[in-house]
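Descriptive structure summary
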Amino acid sequence: NGHPWVLTSVFLFSAFVLSALSSSIPVIFMLWAMLYKIFDAVDLKKGHWYVSLMLFGIVFAACCGSSVFPFKDTALIFIAAYTNMSGVTVPYISYIVLMFTVGSVAILLYLAAMRFLFRVDISSLQEISTSSFTNDLPPMNKTQKFLTVYALLLVFVLASPVLANFSQAPWALSMRSLGMVGMS
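With respect to the helices and strands, the residue Lys72 is situated in the loop between helix H3 (49-66) and helix H4 (73-86). Looking at Lys72, the relative accessible area reads 17%, which means it is buried. In terms of polar contacts, Lys72 uses its side chain to reach the backbone carbonyl oxygen of Ser22, at 2.3 Å. For Lys72, the residues in contact, after removing those within four places along its chain, are Ser19, Ala20, Ser22, Ser23 and Ser66.

Packing of H3 against helix H5 (residues 92-117) brings their axes to within 10 Å, and their N-to-C directions diverge by 170 degrees. Regarding the angle of H3 to H5, the classification is roughly antiparallel. From H3, Tyr50, Leu53, Met54, Phe56, Gly57, Phe60, Ala61 and Cys64 reach across to H5, where they touch Gly103, Ala106, Ile107, Tyr110 and Met114. Of the residues that constitute the contact of H3 with H5, the class distribution is 11 nonpolar, two polar and no charged.

Below, the discussion takes up the packing of helix H2 (residues 24-41) against H3. Between H2 and H3, the shortest axis-to-axis distance is 10 Å and the interhelical angle comes to 155 degrees. Judged on the interaxial angle alone, H3 and H2 are roughly antiparallel. Crossing of H2 against H3: the hand is right-handed. For the pair H2 and H3, contact is made by Ser24, Ile28, Leu31, Trp32, Leu35, Tyr36 and Phe39 and by Tyr50, Val51, Met54, Leu55, Ile58, Val59, Ala62 and Ser66, respectively. Of the residues belonging to the contact of H2 with H3, the class tally is 13 nonpolar, two polar and no charged.

What follows deals with unusual backbone geometry. Of note, Asp43 is a non-glycine position whose phi angle comes to about 65 degrees, a positive value. Among the secondary structure elements, Asp43 is positioned in the loop between H2 and H3. Look at Arg119: it is not a glycine, yet its phi comes out positive at around 50 degrees. Secondary-structure assignment places Arg119 in the loop between H5 and helix H6 (142-164).

To continue, consider the packing of aromatic side chains. For the structure on display, the rule yields 11 aromatic pairs. For the pair Phe13 and Phe16, a centre-to-centre distance of 6.5 Å together with 85 degrees between the ring planes defines the contact as edge-to-face. Placement of both Phe13 and Phe16 in helix H1 (residues 4-21) is noted, with a separation of three residues, approximately one turn of the helix. Phe16 sits in the buried class, given a relative accessible area of 1%. With a centroid separation of 5.6 Å and 50 degrees between ring planes, the pair formed by Phe16 and Phe100 is classed as tilted. In this pair, Phe16 sits in helix H1 while Phe100 sits in helix H5, placing the two residues 84 residues apart along the sequence. Feature note: the residues Phe13, Phe16 and Phe100 constitute an aromatic cluster, connected by ring pairs.

Before going further, it helps to spend a moment on the nonpolar core. Formed by 32 residues in total, the largest nonpolar core has its most connected members in Leu12, Tyr50, Met54 and Ile58. Listing elements by their share of this core, those giving two or more residues are H1, H2, H3 and H5. Here the element with the most residues in this core is H3; it accounts for nine residues. Contact partners of Leu12, with chain neighbours within four places excluded, come to Met54, Gly57, Ile58, Ala61, Ile107, Tyr110 and Leu111. Ile79, Val90, Tyr95 and Met99 belong to the second largest nonpolar core, which has five residues in total.

On to the state of the cysteines, then. Going through the model one piece at a time under the given rule, you end up with zero disulfides. Cys63 takes part in no disulfide bond, and the closest cysteine sulfur, belonging to Cys64, lies 7.1 Å away. The exposure class assigned to Cys63 is partly exposed, which follows from its relative accessible area of 47%. Given the relative accessible area of 14%, Cys64 is considered buried.

So, how was this worked out
Residues numbered from 1 in each chain as written. Predicted model: local features only at pLDDT ≥ 70, side-chain atom pairs only at ≥ 80, totals over all residues. Heavy atoms only, no water. Helix = DSSP H or I, 4+ residues; strand = E, 2+ residues; numbered from the N terminus. Buried < 20%, exposed > 50% of the residue type's maximum accessible area, 1.4 Å probe, protein only. Polar contact = N/O pair within 3.5 Å; in protein donor to acceptor, adjacent residues only side chain to side chain. Contact = heavy atoms within 4.5 Å. Axes fitted to C-alpha atoms, helices over the stretch in contact; angles between N-to-C directions. Parallel < 35°, antiparallel > 145°, perpendicular 65-115°, else oblique. Nonpolar A, V, L, I, M, F, W, Y, C, P; charged D, E, K, R; others polar. Left-handed = near helix turned anticlockwise from the far one by under 90°. Phe/Tyr/Trp six-rings, centres within 6.5 Å; stacked < 30°, edge-to-face > 60°. Core = buried A, V, L, I, M, F, W, Y, C linked by side-chain atoms within 4.5 Å. Disulfide = S-S within 2.5 Å.

Structure, rendered in structure tokens:
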């Protein structure tokens, strides 16, 4: 409400965090769709400087986020190549801390460039209110409730081999005996 740079920061850091936790392409398209609704609400058109910088910024933040964890696609390729060439193993915790810091600083520098270097005019975003974007959702039907329970059960079943390693309960012993292949 009346803080357009906070809104801009929230979008960029959301792209960063969500891309770190999932795949960056769906995150980019999801945030672009949300941005276009906001642009339509405040009458920002396609060629406006802020629109272009935000669309690029979402992609930039998502790319920064997608390399935070060493077991994701791009980071895994680079770490494996570095290890094969140098023979030095990259410690994962240090890598995560470094990449999170570098990504966060890069996004902050991009925000500073938008605000002070490019001097983007976002006065129209000051009028936007969060109350204009709230929609009351209808109650869930039986299919949606079933799928929610099914998704939670699926997460539990997929996580149970990991959880079984920390327990001596009978269910944990039977899960451990199935192994990863038996669980899938």
